[in-house]
Amino acid sequence: MIPLSEALQRTLDGVRTLAPREVACHHAAGLVLARDVVATEHVPPFANTAVDGFAVHSADVQTVPAVLRVIGTCAAGDSREWSVARGEALRIMTGAPMPAGADAVVMVEDCEQSGDSVRVGRSVAAGSAVRPVADDVRAGDVVFAAGTVLTAAGAGVLSSINARNVAVFPRARVALLSTGDELVTDGSMLRRGQIRESNLTMLEILLAENECEAQNLGVVADDEAMLERTLLEAARTNDAIVTSGGVSMGDFDVVKAVLSRIADMQWMQMAIKPAKPFAFGLLAVDDRRVPVFGLPGNPVSSLISFELLARPALRKMMGHTQHLSRPLVRAVVDAPLRRKPDGKTHYMRVFGEFAGDGRLHVRDTGPQGSHQLAASAAANGLAVVPDGAGVAAGGEVDVMLIG
Ligand code: AMP
Ligand code: MG
């Protein structure tokens, strides 16, 4: 058995970052920028009012109340060239350009208009309620450096500066398949020995949550020729392949039989529970070498090895250089996390909440068998419980935040 850290290192060493590509900014959120983004426009493009009110010369309202002559109304989007002289005011709406002459805006709440005169009840300083040109972004600024993970707000910023396309590391296209003659996906009645397939559903969603584009190839029968054809075809049209099942020591572990033959694989046994077996390798097709992640079939093991190994590697492929693995938080154990010594680190499924003391408090979510996915479904963390007898209530444990 090797430590998880070594398995992770071998996996990360085997994958390469995908070639950058230009995408529309509204498709770039969640992706990593491949180049600096430099603004070519100011935001806002002109000085404008931050409130609904009256644009004035601040000098005219130093003594209040002050009565000014209203010269008109200016809405956001108004393109007229307004000019306010001393003794005058322009009724103006949030976002409308500041008129020439005026240097401040008095909120409508502080004014009383009757006909074409306004009584200003509050004095304001020069610049008050005015948003200067380029107050948000200045043309020439690097708004986002290469390597930034674009957020929804970030995509909004790109729109605001008219950066319609940006260079990003693209979503990894990941073929997903499951193996096992016992698996049923079509809703039909279970015959003796059959179970419902669950990993494809789970992994397809995990891939999407991690900005990958999953191509779900369904269940492939435990048939070597069929599996070989499917894997080679998947490698031609995808950046990576995730398989579920058939990577351990069983007689019908066809994934192992086929991949051993056609790909350059490492069959790892890690000192962790669940998810001891894990396979990683490269499948050569045409002139490409496509990473293959062989996850075990037990649903909890599939989930955990995706989180601990496949996810970090896919993130590296998609240009991430930081936080490849999920963050760890030191947490307080509210109910004992019991386990037996077995030479392995256990990744126990826990639910954690930040409590009044500002600390994360965790308790396990139920039975921890690798076939018991239901208890994992309630987990938002994986407690990293070192070899030994577990952690007593009140003790501390590192928790990997998975949700
Ligand atoms: P394997 O890794 O193929 O030896 O499978 C280990 C266990 O996980 C067996 O009990 C399988 O029936 C079960 N299993 C394998 N693949 C799936 C799947 N896609 N969905 C649900 N259970 C599975
Ligand atoms: Mg199997």
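For the structure itself, look to the data block above.
The notes below deal with the structure included here. Position numbers for residues count from 1 along each chain, tracking the sequence in the order it is written. Chains carry letters from A onward and ligands carry numbers from 1 onward, assigned in written order. Per-residue local features are limited, in this predicted model, to residues with pLDDT of at least 70; the limit for side-chain atom pairs, both in listing and counting, is 80 or more; totals at the level of whole chains, interfaces and linings are taken over all residues. As a rule here, side-chain values come from all non-hydrogen atoms in the structure, and water together with hydrogens is ignored.

## Description of the overall build of the protein chain
Okay, so step 1: Counting its secondary structure elements, the protein chain contains seven helices and 29 strands.
Okay, so step 2: Over its C-alpha atoms, taken along the principal directions, the protein chain stretches across nearly 95 × 55 × 45 Å.
Okay, so step 3: The classification of residues rests on relative accessible area computed with a 1.4 Å probe and restricted to protein chains. Under 20% of the type maximum is buried, over 50% is exposed, and intermediate values are partly exposed. Buried positions account for 47% of the 403 residues belonging to the protein chain.
Okay, so step 4: Two residues form a contact once any of their heavy atoms are found within 4.5 Å. When contacts within the protein chain are restricted to residue pairs at least 6 apart in sequence, long-range pairs at least 24 apart make up 70% of them.
Okay, so step 5: A 1.4 Å probe and the Shrake-Rupley method give the accessible areas. Residues count as covered only by the protein chains that appear here. Taken as a whole, the protein chain presents about 19,100 Å² of accessible surface, with 51% of it coming from carbon and sulfur.
Okay, so step 6: Positive charges come from Lys and Arg alone, negative charges from Asp and Glu alone, with His and the N- and C-terminal ends not counted. Taken as the charge location is NZ of Lys, CZ of Arg, CG of Asp or CD of Glu. If you average the places of the 38 positive and of the 46 negative side-chain charges in the protein chain, the two averages end up 4 Å apart. Runs of H or I in DSSP of at least four residues are treated as helices and runs of E of at least two as strands, each being numbered from the N terminus.

## Notes on the side chain of Thr-11
Okay, so step 1: The residue Thr-11 is located in helix α1 (residues 4-14) in this model.
Okay, so step 2: For Thr-11, the side chain forms a polar contact with the main-chain oxygen of Ala-7, separated by 2.7 Å.
Okay, so step 3: Ignoring any residue separated from it by four or fewer positions in sequence, one finds Thr-11 in contact with Met-268, Phe-278, Phe-280, Phe-293, Leu-309 and Ala-313. Two N or O atoms count as a polar contact when they lie within 3.5 Å, although within protein this holds only if one can serve as hydrogen donor and the other as acceptor, and sequence-adjacent residues are included solely when both atoms are side-chain atoms.

## Here's the deal with the pairing of strand β10 (residues 117-120)
Okay, so step 1: Of the two faces of β10, the one holding Val-118 and Val-120 is buried and the one holding Ser-117 and Arg-119 is not buried anywhere.
Okay, so step 2: What makes two strands pair is DSSP finding at least two bridges between them. Sheet topology note: the strand β6 (residues 66-74)/β10 ladder contains four bridges and is antiparallel. Within β10, the residue paired with Val-67 across the bridge is Arg-119.
Okay, so step 3: In this structure, the hairpin formed by strand β9 (residues 111-114) and β10 is closed by a connection of two residues, where Gly-115 is found at a positive phi of approximately 60°.

## What about unusual backbone geometry?
Okay, so step 1: Along the chain, Val-43 connects to Pro-44 via a cis peptide bond; the corresponding omega equals -10°.
Okay, so step 2: Locating Pro-44 in the fold gives a position in the loop between β3 (37-38) and β4 (48-49).
Okay, so step 3: The peptide bond linking Lys-273 to Pro-274 adopts the cis configuration, its omega dihedral lying at -5°.
Okay, so step 4: Residues other than glycine seldom take positive phi values, yet His-323 does so here, at roughly 50°.
Okay, so step 5: Inspection of the secondary structure puts His-323 in the loop between α6 (299-317) and β23 (328-333).

## A few points about the sheet that holds strand β8 (residues 104-107)
Okay, so step 1: Strand order across the open sheet formed by six strands is β8-β5-β7-β6-β10-β9, with mixed pairing between neighbours. Lying at the two open borders of the sheet, with one neighbouring strand each, are β8 and β9. Direction aside, neighbouring strands of the sheet carry axes that sit 35° apart on average.
Okay, so step 2: Judged from the four bridges that link them, β6 and strand β7 (residues 88-92) form a sheet pairing that is parallel. Paired with Val-70 across the bridge in β7 is Ala-89. Here an axis means a line fitted to C-alpha atoms, over the contact stretch when the element is a helix, while the angle between two N-to-C directions is reported on a 0 to 180 degree scale.

## What to know about the side chain of Asp-239
Okay, so step 1: Relative to the helices and strands, Asp-239 resides in the loop between α4 (224-237) and β18 (240-244).
Okay, so step 2: If we ignore the near neighbours within four places in the chain, the residues touching Asp-239 are Leu-18, Arg-171, Ala-172, Arg-173, Arg-288, Val-290, Pro-291 and Met-317.

## Description of the pattern of salt bridges
Okay, so step 1: What makes a salt bridge here is a side-chain nitrogen of Lys or Arg within 4 Å of a carboxyl oxygen of Asp or Glu, nothing more. For the coordinates displayed, the defined rule picks out 19 salt bridges.
Okay, so step 2: Residue Glu-233 pairs with Arg-236 through a salt bridge whose shortest N-O separation is 3.9 Å. On the criterion of helical spacing, the pair formed by Glu-233 and Arg-236 is a turn pair, its members being three residues apart in helix α4.
Okay, so step 3: Arg-339 serves as the salt-bridge partner of Asp-342, at 2.7 Å between the closest nitrogen and oxygen.
Okay, so step 4: With relative accessibility at 30%, the residue Asp-342 sits in the partly exposed group.
Okay, so step 5: Among the ionic contacts, a cluster of salt bridges with common partners joins Arg-330, Arg-359, Glu-396 and Asp-398.

## As for the site of ligand 1
Okay, so step 1: In these notes, residues near a molecule or strand are those with any non-hydrogen atom within 4 Å of it. Lining the immediate surroundings of ligand 1 are 16 residues, of which Ser-178, Glu-182, Glu-197, Gly-246 and Gly-297 lie closest.
Okay, so step 2: Contact between ligand 1 and Glu-182: an oxygen atom at 2.5 Å from a side-chain N or O atom of the residue.
Okay, so step 3: Here an oxygen atom of ligand 1 sits 2.9 Å away from a polar atom, N or O, in the main chain of Gly-246.
Okay, so step 4: When ligand 1 sits alone it has 490 Å² of accessible area, and the protein chains cover 78% of it.
Okay, so step 5: Among the detected pockets, ligand 1 sits in the largest pocket.
Okay, so step 6: Classification convention: Asp, Glu, Lys, Arg as charged; Ala, Val, Leu, Ile, Met, Phe, Trp, Tyr, Cys, Pro as nonpolar; all other residues, Gly among them, as polar. Looking at the shell around ligand 1 residue by residue, the classes come out as three nonpolar, nine polar and four charged. Residues are said to line a cavity or pocket when one of their atoms sits within 4 Å of a point; the points come from a 1 Å grid over protein atoms alone, cavities being sets where a 1.4 Å probe fits but cannot get out and pockets being open sets with protein on both sides within 12 Å along at least five of seven lines. Assignment to a cavity or pocket requires that more than half of a molecule's atoms be within 2 Å of the site's grid points.

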